[in-house]
Amino acid sequence: MRPLPTAQPEPDPGLPAFCAGKLSPLKVRTPMLIRSLLLLGTLAAALLLSFIAQASPVMAAGTSSPWQEPAWLKLLHYEPDRSSASGYRSAIHDAAFFLSPSGATDPQAEFEATRQAFARAPGANVDEHAQCLFPARFIWISQGAGPSAFKALECTAFNAWNRGNRIDSISLVYATGYLGNPASFYGHTLLKFNSASESGQSKLLDNSLNYGAVVPPNENPLRYMYKGVFGGYVGGFSEVEYYFHSGVYGEVELRDLWEYELNLSREQVDFVVAHGWELLRREYTYYFFRKNCAYRVAELLEIIDGLDIIPAARFATIPQAVIQKMARGTLQGQPLIRTLRYHPSRQTRLYNRFFALDADERAAVRTAAEQPERLQEVLGGAPGLAPRQRILDTLLDYYQYVREPDQGMADINNSHYQQVLQARFSLPPGATELPPSRQPAPHQGRNPSLVRIGGLHNSARGTGLQLSLRPAYYDVLDSGNGHIKNSVLAMGEISAVHFDGRTELRAINLVNLESLNDSVTGLPGDNGRYWKLKLGAEVDNLACSRCLVAQAEGAIGTARRINRHLLLGVSAAGMAQENYQNSGHMAAKVAFFANMNLGSSYSGRLQLNQHRALDGDQRSRSGVTLELRKALDTHLDLRLGYRRDRAEEAMLSLGYYF
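Quick notes on the rules
Residues numbered from 1 in each chain as written. Predicted model: local features only at pLDDT ≥ 70, side-chain atom pairs only at ≥ 80, totals over all residues. Heavy atoms only, no water. Axes fitted to C-alpha atoms, helices over the stretch in contact; angles between N-to-C directions. Helix = DSSP H or I, 4+ residues; strand = E, 2+ residues; numbered from the N terminus. Left-handed = near helix turned anticlockwise from the far one by under 90°. Contact = heavy atoms within 4.5 Å. Nonpolar A, V, L, I, M, F, W, Y, C, P; charged D, E, K, R; others polar. Core = buried A, V, L, I, M, F, W, Y, C linked by side-chain atoms within 4.5 Å. Buried < 20%, exposed > 50% of the residue type's maximum accessible area, 1.4 Å probe, protein only. Domains from an automatic or database assignment. Phe/Tyr/Trp six-rings, centres within 6.5 Å; stacked < 30°, edge-to-face > 60°. Lys NZ or Arg CZ within 6 Å of the ring centre and 35° of its normal. Polar contact = N/O pair within 3.5 Å; in protein donor to acceptor, adjacent residues only side chain to side chain. Disulfide = S-S within 2.5 Å. Pairing = 2+ DSSP bridges. Expected span 1.5 Å × (residues − 1). Salt bridge = Lys/Arg side-chain N within 4 Å of Asp/Glu carboxyl O.

## Points about the packing of helix H12 (residues 346-356) against helix H15 (residues 385-402)
Alright, step 1. Direction vectors running N to C along H12 and H15 enclose 150°, while the axes themselves pass 9 Å from each other. By crossing handedness, the relation of H12 to H15 is classed as left-handed. Of the residues in H15, those touching H12 at Arg346, Gln347, Arg349, Leu350, Arg353 and Phe354 are Asp393, Thr394, Leu396, Asp397, Tyr398, Gln400 and Tyr401.
Alright, step 2. Here the residues of the contact of H12 with H15 sort into 5 nonpolar, 3 polar and 5 charged.

## What about the nonpolar core?
Alright, step 1. Within the largest apolar cluster, 90 residues are counted, with the highest numbers of intra-cluster contacts made by Trp72, Ile170, Leu191 and Leu264.
Alright, step 2. When residues in this core are grouped by element, the largest group, 7 residues, is from helix H10 (residues 293-301).
Alright, step 3. Residues from two domains meet in this core; each of domain 1 (1-344) and domain 3 (445-657) gives at least three.
Alright, step 4. Ignoring any residue separated from it by four or fewer positions in sequence, one finds Leu191 in contact with Ile170, Ser171, Leu172, Asn207, Ser208, Leu209, Val297, Leu300 and Leu301.

## Section: the packing of aromatic side chains
Geometry of an aromatic ring pair is reported as the spacing of the ring centres plus the angle between the planes.
Alright, step 1. In the structure shown here, the tally under the stated rule is 26 aromatic pairs.
Alright, step 2. Each ring, one from Tyr186 and one from Tyr473, has its centre 5.0 Å from the other, and the planes form 35°; the classification is tilted. Of the two residues, Tyr186 is situated in the loop between strand S3 (167-175) and strand S4 (188-195) and Tyr473 in strand S14 (residues 472-474); the sequence distance between them amounts to 287 residues. Summarising the burial analysis for this pair, Tyr186 and Tyr473 share the class buried.
Alright, step 3. For the ring pair Tyr473 and Tyr474, a centre distance of 5.3 Å and an interplane angle of 50° mean the geometry is tilted.
Alright, step 4. Clustering of aromatic rings is evident, with ring pairs tying together Tyr211, Phe237, Tyr284, Tyr286 and Phe288.
Alright, step 5. Between the NZ or CZ atom of Lys192 and the centre of the ring of Tyr242, over which it lies, the distance is 5.3 Å.

## Things to note about the side chain of Asn517
Alright, step 1. Looking at the element boundaries, Asn517 is found in the loop between strand S16 (502-516) and strand S17 (529-539).
Alright, step 2. Polar side-chain contacts of Asn517 include one of 3.3 Å to the side chain of Asp526.

## Considering the state of the cysteines
By definition, a disulfide links the sulfur atoms of two cysteine residues through a covalent bond.
Alright, step 1. Evaluation of the coordinates by the stated rule reveals 2 disulfides.
Alright, step 2. With a sulfur-sulfur separation of 2.0 Å, Cys132 is cross-linked through a disulfide to Cys155. On the sign convention where negative means left-handed, the S-S torsion of about -80° between Cys132 and Cys155 marks this disulfide as left-handed. Of the two residues, Cys132 is situated in helix H4 (residues 130-133) and Cys155 in the loop between helix H5 (135-145) and helix H6 (156-161); the sequence distance between them amounts to 23 residues. Judged on exposure class, the residue Cys132 and its partner Cys155 are both buried.

## Thoughts on the sheet that holds strand S7 (residues 257-262)
Alright, step 1. Strands sit in the order S8-S6-S5-S4-S3-S7-S11 across an open sheet of 7 strands; the sheet is antiparallel. Every interior strand has two partners, whereas the edge strands, strand S8 (284-286) and strand S11 (337-343), have only one. Going from strand to strand, the sheet's axes swing by 30° on average, the running direction of each strand aside.
Alright, step 2. In the sheet, S7 pairs with S11 via 6 bridges, with the strands oriented antiparallel. Bridging across to S11, Trp258 finds its partner in Tyr342.
Alright, step 3. H10 contacts S3, S4, strand S5 (207-213), strand S6 (233-241), S7 and S8 of the sheet and is inclined by roughly 35° relative to S4.

## Quick word on helix H3 (residues 107-119)
Alright, step 1. Its 13 residues give H3 an end-to-end C-alpha distance of 19 Å, which sits within 8% of 18 Å, the value for a rise of 1.5 Å per residue.
Alright, step 2. Three or more residues of H3 are buried, namely Pro107, Ala109, Glu110, Phe111, Ala113, Thr114, Ala117 and Phe118.
Alright, step 3. Each element contacted by the buried residues of H3 is listed here: helix H2 (70-75), strand S1 (78-80), strand S2 (88-90), H4 and H5.
Alright, step 4. For H3, the N-terminal capping position is held by Asp106, with its side-chain oxygen 3.2 Å away from the main-chain nitrogen of Gln108.

## As for the pattern of salt bridges
Any two side chains of opposite charge can pair, given that their charged atoms come close.
Alright, step 1. In total, this model carries 42 salt bridges according to the counting rule given.
Alright, step 2. Residue Asp645 pairs with Arg621 through a salt bridge whose shortest N-O separation is 2.8 Å. With a gap of 24 residues between them, Asp645 in the loop between strand S23 (636-644) and strand S24 (648-657) and Arg621 in strand S22 (residues 620-631) connect regions that are remote in the sequence.
Alright, step 3. Residue classification places Asp645 among the buried positions, given a relative accessible area of 14%.
Alright, step 4. Among the residues examined, Arg621 registers a relative accessible area of 17% and is labelled buried.
Alright, step 5. Where salt bridges share partners, they join Arg446, Arg452, Arg470, Asp475, Asp478, Glu627, Arg629, Asp637 and Arg639 into one cluster.

What follows is the structure in structure tokens.
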């Protein structure tokens, strides 16, 4: 078997996919505008087209022939293919995965070759026998043929990999997404094999199975766009102990992890583990939209009879959508999820720990962070052992968050971290407890796509209707469970208006991204950094008709949370645009915004902006946007909006999430 390069947890940074990336907007490195806009615009256009044209093939039902049974077709990953004589072709294009020369397209030939291979006597290396290479196939065929049909072999390599048959449960782990890296927008899923250890070894040493694309280092962005959308990369499963993912995602990339332990019987666990062994380092074709990491991981679990967790008829397989369908699912009359464990990132732990302090302790932490040389003075003023422990533990999380470990002592925060660590070691042992998190679970969120219809009145054009479609994913007002608060991730959004019997496009937003950290603690390094990237076309102003103008916008700014209900921010933007009626090709814009939140049901945003053309007629104009949202349930919301841009417009709309 030709070895497959190890599939990475995610593609090369800066390159987009639906299953990868980082979480925290606090450590954003602002992407290069031109590169990101070109890359994201092309991918968003492909996303929109695929949403419109998506057709989901249905696999034929099984018959009495065992090679046509759904379980066999799933074990070989056969997919409908009209060009094949059998009507099927395996998604795996690794010759070593098949025991028949025509096995990739012939389920019957592969079934018969597999039975024959199972009956052969083992050679010098028993691990090369078909039973040891394909243990899940052996389990399934033996169930139909009877326990005495084949002599079971002792497979040393497989037994070592499955921890001596001590894997007793399986978890699907969801890592939340991050807008600072285009490769990381939509999150990531992987499998964790939970071992029953008599030695009390850490669960961090459990095996995990991860699917990813094999992307060469420093790949050309244009080549990457094309190959990623149209299947130009090899994909595959790789294994690594779980502590690697916990460290990379939770500690380095600051992403929350949600571990969904599945309610499976021991026989079902063994079957999935055996099939995972069969898939290791086998070659697939990787697609960013539909058949990505979330799809392949869910597909592996779906070899269990009756388990259905892949969202049907979707333009793309979004990891959170898989989690949501899994949470609603049942298996043999029982809920599919047995337990849910939340593993907060270091950033989340810092925030939780900081706000668990009383006012004096927060002030002490702030003083020590701003003036590290006063650490001992700060500790001396704490009234007892427990407050000193809480202050030091919060500072440890703080420096772990802001420091760059790879820079060593070149980063002064590493020196401060060592100082705090020594002070903590000087105290008697005893851990401070983190308060329970109120972070809502991703499976409790709404669906990813949105259609909206509204009635509007325009001071220049009269009364009309507006219809909008957003294939993915969220905006400032509806960012919820599993999303990044106060941020925007929208791709392929399109809206049209109808006035006086005429329908015209109002906007086509291929990519609309806003990333915001609201400076939760106010400590040095926890700043309110804001950035925005937008590519698409919008009407030049609200008073004109059929005046769609292509635009690209990039902005940076800052924001600060005033209280838990109000966040204020300012930004400065540069725009490249189509020259409409001598409006110029370049423009600058400054904006003030206020994000408002009154619980989970009510939210709003006010934005004031000043726009000035840098060439053309160099005119300047101001604008106002106010939008208020009321969530009716997880599928519906109501919005009231007001805009002023050379004309005034008010709209009341109803949105449906699907």
